[in-house]
Amino acid sequence: MRLSQYPISTLKEVPAEAEVVSHRLMLRAGMIRRLAAGLYTWMPIGLRTLRKVERIIREEMDRAGALELSMPTVQPAELWQESGRWNAFGPELLRFKDRHDREFAYGPTHEEVITDIARRELRSYRQLPVNFYQIQSKFRDEIRPRFGVMRAREFLMKDAYSFHADEASLAEGYRAMYEAYSRIFTRLGLEFRAVQADSGSIGGSASQEFHVLADSGEDAIAFSDDDDYAANLELAAALAPSTPRGPAAQALAKVPTPGARTIADLARSLGVAAEQCVKTLIVDGADGDVVALLVRGDHELNALKAQKLPGVASPLRMASAERVRATTGAEPGSLGPIGFRGRIYVDHTAANVADFVCGANEKDQHYTGVNWGRDLPEPQTVDIRNAVAGDRSPSGRGRLRIARGIEVGHIFQLGRKYSDAMNATVLDEQGRSVTMFMGCYGIGVTRVVAAAIEQNHDANGIIWPESIAPFRVALVPLTYQKSELVRNAADALYREFGDAGIDVLIDDRDARPGVKFADSELLGIPHRIVIGDRGLANGTVEYRHRRDTTSSDVALADVVGHVRARSAG
RNA sequence: CGGGGUAUAGCUCAGUCUGGUAGAGCGUUGCGUUUGGGACGCAAAAGUCGGGGGUUCGAAUCCCUCUGCCCCGACCA
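What you are looking at is a predicted structure, and each value in this text was computed from that prediction instead of being measured.

Peer 1: Got a sec to walk through the packing of helix H1 (residues 21–28) against helix H11 (residues 445–455)? Specific residues and values, please.
Peer 2: At their nearest, the axes of H1 and H11 sit 8 Å apart, and the two run at 105° to each other. As judged from the angle between their axes, H1 and H11 are roughly perpendicular. Residues Val21, Ser22, Leu25 and Met26 of H1 form the contact with H11, whose own contacting residues are Val449, Ala450, Ile453 and Glu454. Partitioning the contact of H1 with H11 into residue classes produces six nonpolar, one polar and one charged.

Below, the structure written as structure tokens:
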């Protein structure tokens, strides 16, 4: 492509709306333009990368035996009513009516539509297993779209759905998708990790997320430093301490703690470590009562774990200040288990502390030297905290580390959730009608592009993985308009790369070198070749990989071979 | 949804407090000089000051209202 005929609009200044680096760079490089909150146009240069991501996904899905189809984005309400999600999905589902006053939704996902297809088309177990996929726009009316295409409302998704005669076949299909996903993200040049996950609103049993590791990620993941255990932090088990609790050494004492509202305040004013404190959180119970949840002062409550406990309301809700006052007689900030009337759950680690500090259920008063089994009954211990770095891995090997991740893929074993609700059956060998088992598998295609940038950039711009760069080679002739020597050499190289099937962009603009260098770096093109009179006098041009810090001279005749060699390495 | 912020040229912003009829840089167009890291000079085009209402001789500026956009949001007990 000739840059003189391929207008790009790179920006020196960062548009005010952009917060994260991928969003800033995508705007600056002219890849995307915003239409409205969470809605983006993909400009030509951005679309080239998006299409390359799609192509890799398509090739690997096809290789795994999945069949591509295309379903409508607009879906009738009746299907959603049948599955029960018309009411369950909430305001994320964009609903509207047609001219006949019939209700529709813009698809946020396609379980209903594909299950409808499956129940009409699939009659026999002999047609199974089968896996259908599509790459298509989805719309989710996010509460707060942000970070550009990372959390947009309209986005491109690859969604696949598999159908099986039995559970064993589902497990096998799921494994095949796991492998396909691993190949896809490897080919995309991303550093990723598959982690155990909660199945959330989609439902089902086994589920894993694929995360691109990046500090800006919205999710926290926990993984072992000694084996392949990895889980979303909300799911990662926090094990009980392996050492027994120490003996009680202090006497119980009530101390004034004026103004201390947080554990940090408390630890500071009493001169103790946060680990020596136990914090009491009062949440709504399932039966209109309240429940006390205790975790160690330096730990965080895990809502997902807590809301699964018997007697705790789901989703988890903190009790209102008025209810806290009514049940404990104290202000938030001075709550504790001593004298609390009601159900108490204590995290394993909090139950392991001797001589701890906790609220006294009296304004500005705390207890010190509290001991389980002496000042309080031995508690009912549970896992209700987030795992932290250094915890023993639930796999039994190694210690946990915590990293940030961007969820780019998610695979589920749905089981019969949708096929049951929508009566999707086939006949088995005995001629009996059996409900199909389903799996579903998604990749956020547009999010992958942003995630790739989050993971691959520097102060000058994007550094594309070779496989998804909009162009692989940038030719930068320094005086294309003035020097015939430079122009002929550049044009010859341009043809040579084209003939070799390597995407090449030639910067034939009448611009100063600095402008061309800056643009090629901002755009993140992996291989840059600078063609100038100086080198041509010796029959050479300058080669520089986007990750290099210096250039090297390469003989004109060896340029394509040199790029090929660097691509492989 | 709650809280905070913001809205002025294509982009980034100043001007608002203290009312007097709109500016800068970048970008764009033209001409000239430049040409190995976002050049320089001259000239030019470009704004319903988010919308509506009000106060006033006069409103980007003060008041009311609506809207868009951005950010933050139970771990506090």
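Now that the structure has been shown, the text picks up again.
Peer 1: Report on the protein's contact with RNA strand B, specifying residues and quantitative values.
Peer 2: Contacts to RNA strand B come from 47 residues, most closely from Ile263, Leu335, Lys482, Glu521 and Glu542. Those atoms of RNA strand B that come within 4 Å of the protein belong to sugar or phosphate at a rate of 44%. Here a base nitrogen of RNA strand B and a side-chain polar atom of glutamate 521 are 2.5 Å apart. At 3.0 Å, a side-chain N or O of arginine 528 approaches a base oxygen of RNA strand B. Of all the secondary-structure elements, those providing two or more residues to the surface near RNA strand B are strand E14 (278–284), helix H13 (513–523), strand E28 (527–531) and strand E29 (540–545). It is H13 that provides the largest number of residues to the surface near RNA strand B, a total of seven residues.

Peer 1: Describe the packing of aromatic side chains, listing the residues and the values that go with them.
Peer 2: Taken as a whole, this structure holds eleven aromatic pairs when the rule is applied. Ring geometry for tyrosine 181 and phenylalanine 210: centres 5.3 Å apart, planes at 55°, overall tilted. Here the residue tyrosine 181 occupies a position in helix H6 (residues 167–187), and phenylalanine 210 occupies one in strand E10 (residues 207–213), the gap between them amounting to 29 residues. No difference in accessibility class separates tyrosine 181 from phenylalanine 210, as the two residues are buried. Clustering of aromatic rings is evident, with ring pairs tying together Tyr178, Tyr181, Phe185, Phe192 and Phe210. In this structure, arginine 2 packs its charged tip against the face of tyrosine 494, placed 5.0 Å from the ring centre. Residue placement shows arginine 48 over the ring face of phenylalanine 471; its charged tip is 4.0 Å from the ring centre.

Peer 1: Please set out the sheet that holds strand E6 (residues 103–106) residue by residue, giving values where relevant.
Peer 2: As summarised here, the arrangement of the three strands in space is E4-E6-E5, forming an open sheet in which the pairing is antiparallel. On the outer flanks of this sheet lie strand E4 (74–76) and strand E5 (94–97), each paired with one strand and no other. With strand direction ignored, the average angle separating the axes of adjacent strands in the sheet is 35°. Two elements, E5 and E6, share four bridges in a ladder whose sense is antiparallel. Bridging from a neighbouring strand, leucine 94 pairs with tyrosine 106 of E6.

Peer 1: Which residues make up the pairing of strand E17 (residues 356–362), and what are the values?
Peer 2: Summarising burial for E17: six of the seven residues are buried, a large majority. Of the strand pairs in this sheet, E17 and strand E18 (residues 365–370) are connected by four bridges, and their pairing is antiparallel. Bridged to cysteine 358 within E18 is tyrosine 367. Hairpin remark: E17 followed by E18, antiparallel, with two residues in the connecting loop; positive phi at aspartate 364, about 60°.

Peer 1: Talk me through the sheet that holds E18; I want residue IDs and the actual numbers.
Peer 2: Taken in spatial order, the three strands of this open sheet run E13-E18-E17, and their pairing is antiparallel. Edge strands, defined here as strands with exactly one partner in the open sheet, are strand E13 (253–256) and E17. Within the sheet, the average angular offset between the axes of one strand and its neighbour, ignoring direction, is 35°.

Peer 1: Tell me what's going on with empty space enclosed by the protein, and back it up with residues and numbers.
Peer 2: Tallied over the full model, the rule gives one cavity of 30 Å³ or more. The space that makes up the largest cavity amounts to roughly 60 Å³. In terms of lining, the largest cavity is formed by Leu3, Ala474, Leu475, Leu505, Asp507, Lys516, Asp519, Ser520, Leu523 and Ile525. Looking at the lining of the largest cavity, the elements that each hand over two or more residues are strand E26 (473–477) and H13. Per element, the largest residue contribution to the lining of the largest cavity is four residues, and it comes from H13. A per-class count over the lining of the largest cavity returns six nonpolar, one polar and three charged.

Peer 1: Can you explain the layout of surface pockets? Please cite residues and give values.
Peer 2: Computed from the structure, the second largest pocket encloses a volume of approximately 410 Å³. Lining the second largest pocket are 21 residues, and of these Arg261, Thr280, Pro332, Gly333 and Leu335 lie nearest its centre. Of all the secondary structure elements, the ones that give two or more residues to the lining of the second largest pocket are helix H7 (263–270), E14, helix H9 (321–328) and E17. Considering every element that reaches the lining of the second largest pocket, the biggest residue donor is E14, with five residues. Counted by class, the lining of the second largest pocket contains twelve nonpolar, seven polar and two charged residues.

Peer 1: Give a description of the environment of arginine 564 that names residues and reports values.
Peer 2: On the secondary structure map, arginine 564 appears in helix H15 (residues 559–568). Residues arginine 564 and phenylalanine 223, 341 residues apart in the sequence, show an inter-C-alpha distance of 36 Å. In contact with arginine 564, other than residues within four places in its own chain, are Ala500 and Ile502.

Peer 1: Lay out the nonpolar core in plain terms, naming residues and giving numbers.
Peer 2: Grouped together as the largest cluster of nonpolar side chains are 65 residues, with contacts concentrated most on Met26, Met31, Tyr181, Phe185, Leu188 and Trp464. In this structure leucine 188 touches Val53, Ile56, Val448, Pro465, Ser467 and Ile468, once residues within four positions along its chain are discounted. Core analysis: the second largest hydrophobic core is formed by 26 residues, Val130, Phe163, Tyr418 and Met436 among them.

Rules used throughout
- Residues numbered from 1 in each chain as written.
- Chains lettered and ligands numbered in written order.
- Predicted model: local features only at pLDDT ≥ 70, side-chain atom pairs only at ≥ 80, totals over all residues.
- Heavy atoms only, no water.
- Axes fitted to C-alpha atoms, helices over the stretch in contact; angles between N-to-C directions.
- Helix = DSSP H or I, 4+ residues; strand = E, 2+ residues; numbered from the N terminus.
- Parallel < 35°, antiparallel > 145°, perpendicular 65-115°, else oblique.
- Contact = heavy atoms within 4.5 Å.
- Nonpolar A, V, L, I, M, F, W, Y, C, P; charged D, E, K, R; others polar.
- Near = heavy atom within 4 Å.
- Polar contact = N/O pair within 3.5 Å; in protein donor to acceptor, adjacent residues only side chain to side chain.
- Phe/Tyr/Trp six-rings, centres within 6.5 Å; stacked < 30°, edge-to-face > 60°.
- Buried < 20%, exposed > 50% of the residue type's maximum accessible area, 1.4 Å probe, protein only.
- Lys NZ or Arg CZ within 6 Å of the ring centre and 35° of its normal.
- Pairing = 2+ DSSP bridges.
- 1 Å grid on protein atoms, 1.4 Å probe; cavity = no way out; pocket = protein on both sides within 12 Å on 5 of 7 lines; lining within 4 Å.
- Points joined across faces, edges and corners; volume = space filled by probe spheres on them.
- Core = buried A, V, L, I, M, F, W, Y, C linked by side-chain atoms within 4.5 Å.

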